[in-house]
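Structural description and commentary
The primary structure of each chain is shown beneath.
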Amino acid sequence: DVQVTPAGKMIVYGLFNSVDGVARSGLVRLTADGVIDTFLNPASGSLSRPFVDSAGRLYIAGGVSVGLVRLLENGEIDPAFTSSAGRDIRGGGLL
């Protein structure tokens with residue numbers, strides 16, 4: 001699955017452990033010209049399909065104890081974002 005950010009970067013999600021010889025566990029961000037953006041390196045784990053909003057913020061679900069999270073540019077969880085507990089994000093249009 002591929003989603004494109006407003007800046008033209010591609011968020012690629014799928015069943016893989018590396019991309020072009022670089023370790024990435026199911027999620028990688030590529031620059032507009034297809035080069036791995038090494039700045040985004042989220043922790044590995046079981047992830048659901050990522051979602052990029054109109055501002056280019058990346059959200060993922062699964063593999064983390066809090067359910068839905070927003071990632072910072074470097075792949076760390078954004079502590080300023082909180083999700084609604086128990087909300088079905090797939091049915092709500094996010095994923």
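For every chain, the first residue of its written sequence is number 1, and the numbers climb from 1 along that sequence. For a predicted model such as this one, the threshold for reporting local features is a pLDDT of at least 70, and the threshold for listing and counting side-chain atom pairs is 80 or more; totals across whole chains, interfaces and linings nevertheless cover every residue. Excluded from the side-chain calculations are hydrogens and water; all other atoms, namely the structure's heavy atoms, are used.

1. Structural notes on the overall build of the chain
Counting its regular elements, the chain contains zero helices and eight strands. Secondary structure elements are taken from DSSP: a helix is a run of H or I of four residues or more, a strand is a run of E of two residues or more, and numbering for both begins at the N terminus. Listing each helix as α and each strand as β along the chain from the N terminus yields β-β-β-β-β-β-β-β. Going through the 95 residues of the chain one by one, you find that 35% of them count as buried. Counting only contacts in the chain whose residues sit at least 6 apart along the sequence, the fraction spanning at least 24 positions is 28%. Accessible area of the chain: about 5500 Å², with a carbon and sulfur share of 52%. Remark: exposure states derive from per-residue accessible area (1.4 Å probe, protein chains only) relative to the maximum for the residue type, with buried under 20%, exposed over 50%, and partly exposed in between. The contact definition used throughout considers only heavy atoms, calling two residues in contact when any of these lie within 4.5 Å. Surface accessibility follows the Shrake-Rupley procedure with a 1.4 Å probe radius. Residue values consider only the protein chains on display as shielding.

2. Quick look at the nonpolar core
A general trend in soluble globular proteins is that nonpolar side chains are found buried together. Here, nonpolar core refers to any group of buried Ala, Val, Leu, Ile, Met, Phe, Trp, Tyr and Cys residues whose side-chain atoms link them within 4.5 Å. One finds Ile11, Leu27, Leu40, Val52, Leu58, Ile60, Val69 and Leu71 forming the largest nonpolar core, which totals eight residues. Mapped onto this core, the elements with two or more residues apiece are strand S7 (58-61) and strand S8 (68-71). Setting aside residues no more than four positions away along its own chain, leucine 58 makes contact with Ile11, Leu27, Leu40, Pro50, Phe51, Val52, Val69, Arg70 and Leu71. Among the nonpolar cores identified, the runner-up in size contains five residues, and Val12, Phe16, Leu30 and Ile36 belong to it.

3. Some details on the sheet that holds S7
Pairing between strands requires that DSSP locate at least two bridges from one strand to the other. In spatial order, the strands read S6-S7-S8; together these three strands make up an open sheet with antiparallel pairing. Two strands bound the open sheet, and with one partner strand each, they are strand S6 (51-52) and S8. Of the strand pairs in this sheet, S7 and S8 are connected by four bridges, and their pairing is antiparallel. Residue pairing across strands places alanine 61 opposite leucine 68, the latter belonging to S8.

4. Topic: the sheet that holds strand S2 (residues 10-13)
The three strands are arranged S1-S2-S5 in an open sheet whose pairing can be described as antiparallel. Whereas interior strands pair on both sides, the edge strands pair on one side only; in this sheet they are strand S1 (2-4) and strand S5 (27-30). The average angle at which neighbouring strand axes cross in this sheet is 20°, direction not considered. Both S2 and S5 contribute to a ladder of four bridges, which runs antiparallel. Across the sheet, residue isoleucine 11 finds its bridge partner in S5, namely arginine 29. All axes are obtained by fitting lines to C-alpha atoms, using only the stretch in contact for helices, and the reported angles, taken between N-to-C directions, cover 0 to 180 degrees.

5. Structural notes on the packing of aromatic side chains
When the centres of two rings from Phe, Tyr and Trp lie within 6.5 Å, Trp using its six-membered ring, the rings pair. Their planes under 30 degrees apart give stacked, over 60 give edge-to-face, and anything left gives tilted. The full count for this structure, using the stated rule, is two aromatic pairs. Between phenylalanine 51 and tyrosine 59, the ring centres sit 6.3 Å apart and the planes meet at 45°, which makes this aromatic pair tilted. Neither residue differs from the other here; phenylalanine 51 and tyrosine 59 are each classed as buried. Look at tyrosine 59 and phenylalanine 81: their rings are 5.2 Å apart centre to centre, the planes differ by 70°, and that puts the pair in the edge-to-face class. One end of the pair, tyrosine 59, is in strand S7; the other, phenylalanine 81, is in the segment after S8, and 22 residues separate them in sequence. On the basis of relative accessible area, tyrosine 59 is assigned to the buried category, the value being 9%. Of the aromatic side chains, those joined through ring pairs into one cluster are Phe51, Tyr59 and Phe81.

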